Amino acid sequence: MLVLGLGKSGRAAASYCADLLGTRVRSLAIAAGRRSDDAESFAQRMRQAGAVVEFDHEQIEGSYDLCIVSPGISQNADFYASAKAASKEIVSEVEFAWRESAAGSVWVAVTGTNGKTTTTSLIAHLLKVAGRNAAAVGNIGDCCIDAVASGAVDTYVAEVSSYQLASTVDFAPQVALILNITPDHLSWHGSFEAYRQAKCKVLQNLGKVPGAMAVLDATDQEARALVRQLKAAGRDERGFGYVPVGTAAGLDQSMIDRCGSSNAAFLDEGTLRVDLGKTRFDLCSFDQMSLKGTHNASNALCAAAAALCLGVDEALVTQGLLSFQPLEHRIEPCGSVAGIRCFNDSKATNVDATLKALSAFEPGKLVLLLGGCDKGTDLTPLVEEASKVARAVVCFGDAGPRFAQAFQSGQDAIPVISAGKLAQALEAALEVAVPGDAVALSPACASFDEFNSFEHRGREFKSYVARLAALRGC
């Protein structure tokens, strides 16, 4: 066997395979990538277990039955191509873990450009409330193979990225969710079409699983196009059912009413409602939940539909929806400064995520913090929507000047404040905000100009808020 790369999932796969040396695994080679003290330490442990570990590969030599590739390695890279040529099969860690899981295991796969982590966490929460032995895995929590190795899980709720799905072959969950598909990670995939195709691979084997269901957010253009394709194919051809969430007209419309779908999930006068065939499930009002924003109403509907497709009792789904709390860095309330509420949405690393967050705030009572490491994306939709919702914007970091220029050039110009780093941006936002307003870090950018991750950025933002609250009062 060959493990390509020693990121988080690569190390998990390598450790799992090393434990099988001498039994199901005859030999293990690890192409470790770049050297670091941490990687060298891990490599030494693998060598002691009997693996061959080499750093700084340019080409893979030898012959392998199976290669497990880390998601950071693009399919377009020469390194990937040489590993594929040297291996009978090349798969992602998600595929490998699915193959290694017990025959009776249940898998739920959640993908989409935005909203994956909240939806994955919420599904796992709903299943746990129902007494299922479930865990959130993949890009959230443990690597899939670590959860499999633990023997403590029988229902895997996996957040799966386009990187991971691109190298799946037979992966077939019982429920697959596609939340949305908007341009992202184009440098890794090479084109939006390749990115879209990778996301859609989550559906490719559902027809092999008896009773499998897909849940798709039909308010999203690309997901809605998939709904049309699934409907046109017919149940016999595709081999699985599907639940469209909302319609092109919004979350408050049912696809059953709009085009005769067999199933639907939507907001019925504010209540989360799921119709599966002739069975109607009226859950809770979205306003009763701790989650805020239209995008989270969509996430909640998707999660509820997934749980109901797995047979969870309606009352337990409602109980789980009402008890779920917002995740860190996702429109997370993080305190008040002199009567101004502050929110940490550091996870919003692209324009689409920030657009979704804006729906959580009352128009005219928001000061929005934008900036960081610029992804170079089109800012037109952000300028248009933020100008309707925000009292002012504060643009900071490396992306600050471009963002500020975009807002100053907009037709409906709103006050634009420029700041150097995040701490200064918060100070500037609090100066323009008034009691009763909200200040939100929803930056539409990566964090790497000032921080080492969006989590680091979010934690620092919360510490800035706490310090200012102590000085100025809540």
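Heads up: the structure comes first, above all this text.
Residues numbered from 1 in each chain as written. Predicted model: local features only at pLDDT ≥ 70, side-chain atom pairs only at ≥ 80, totals over all residues. Heavy atoms only, no water.

Novice: I'd love a proper account of the packing of aromatic side chains, names of residues and values included.
Specialist: For the structure on display, the rule yields 6 aromatic pairs. Here Tyr16 and Phe96 contribute two aromatic rings whose centre-to-centre distance is 5.7 Å and whose plane-to-plane angle is 85 degrees, an arrangement assigned as edge-to-face. Taken together, the positions of Tyr16 in helix α1 (residues 8-18) and Phe96 in helix α4 (residues 93-100) put the pair 80 residues apart, joining distant regions of the chain. Relative to Tyr195, the ring of Phe192 lies with its centre 6.2 Å away and its plane at 45 degrees, an arrangement referred to as tilted. One end of the pair, Phe192, and the other, Tyr195, are both in helix α9 (residues 192-200), 3 residues apart, so they sit about a helical turn from each other. (Phe/Tyr/Trp six-rings, centres within 6.5 Å; stacked < 30°, edge-to-face > 60°. Helix = DSSP H or I, 4+ residues; strand = E, 2+ residues; numbered from the N terminus.)

Novice: Mind laying out the sheet that holds strand β18 (residues 392-396), listing which residues take part and the relevant values?
Specialist: In space, the 6 strands of this open sheet follow the order β15-β16-β20-β17-β18-β19, with mixed pairing throughout. The open sheet is flanked by β15 (332-337) and β19 (416-418), the only strands paired with a single partner. Direction aside, neighbouring strands of the sheet carry axes that sit 20 degrees apart on average. The strands that helix α19 (residues 454-472) touches are β15, β16 (340-344), β17 (366-371) and β20 (438-441); relative to β15, the one it contacts most, it runs at about 25 degrees. (Pairing = 2+ DSSP bridges. Axes fitted to C-alpha atoms, helices over the stretch in contact; angles between N-to-C directions. Contact = heavy atoms within 4.5 Å.)

Novice: Give a description of unusual backbone geometry that names residues and reports values.
Specialist: Positive phi, normally seen in glycine, also occurs at His329, with a value near 75 degrees. Relative to the elements of secondary structure, His329 occurs in the loop between α14 (314-323) and β15. Positive phi outside glycine occurs at Ile331, with the angle close to 45 degrees. The residue Ile331 is located in the loop between α14 and β15 in this model.

Novice: Before we move on, can you summarise the packing of helix α15 (residues 351-358) against helix α16 (residues 380-389) with the specific residues and values?
Specialist: Two numbers describe how α15 lies on α16: the axes approach to 10 Å, and their chain directions differ by 20 degrees. By the angle between their directions, the pair α15 and α16 is classed as roughly parallel. Remark: the crossing between α15 and α16 carries left-handed chirality. On α16, the residues touching Val351, Thr354, Leu355 and Leu358 of α15 are Pro381, Leu382, Glu385, Ala386 and Val389. (Parallel < 35°, antiparallel > 145°, perpendicular 65-115°, else oblique. Left-handed = near helix turned anticlockwise from the far one by under 90°.)

Novice: Report on the pattern of salt bridges, specifying residues and quantitative values.
Specialist: Scanning the model with the defined rule gives 21 salt bridges in all. A salt bridge links Asp65 to Arg26, with the nearest nitrogen and oxygen atoms 3.0 Å apart. Within this pair, whereas Asp65 is found in the loop between β3 (52-54) and β4 (67-69), its partner Arg26 is found in the loop between α1 and β2 (29-31), the two being separated by 39 residues in sequence. Judged by its relative accessible area of 37%, Asp65 falls in the partly exposed class. (Salt bridge = Lys/Arg side-chain N within 4 Å of Asp/Glu carboxyl O. Buried < 20%, exposed > 50% of the residue type's maximum accessible area, 1.4 Å probe, protein only.)

Novice: For the packing of helix α5 (residues 116-129) against α14, give the residues involved together with the corresponding values.
Specialist: Two numbers describe a pair of packed helices, the interaxial angle and the distance between the axes. Contact pair α5 / α14: the axes reach a minimum separation of 8 Å and the direction vectors enclose 130 degrees. When the axis of α5 is compared with that of α14, the two are oblique. The chirality of how α5 crosses α14 is right-handed. Contact residues: Leu122, His125, Leu126 and Val129 in α5; Leu316, Val317, Gln319, Gly320, Leu321 and Ser323 in α14. Class assignment for the residues of the contact of α5 with α14 results in 6 nonpolar, 4 polar and no charged. (Nonpolar A, V, L, I, M, F, W, Y, C, P; charged D, E, K, R; others polar.)

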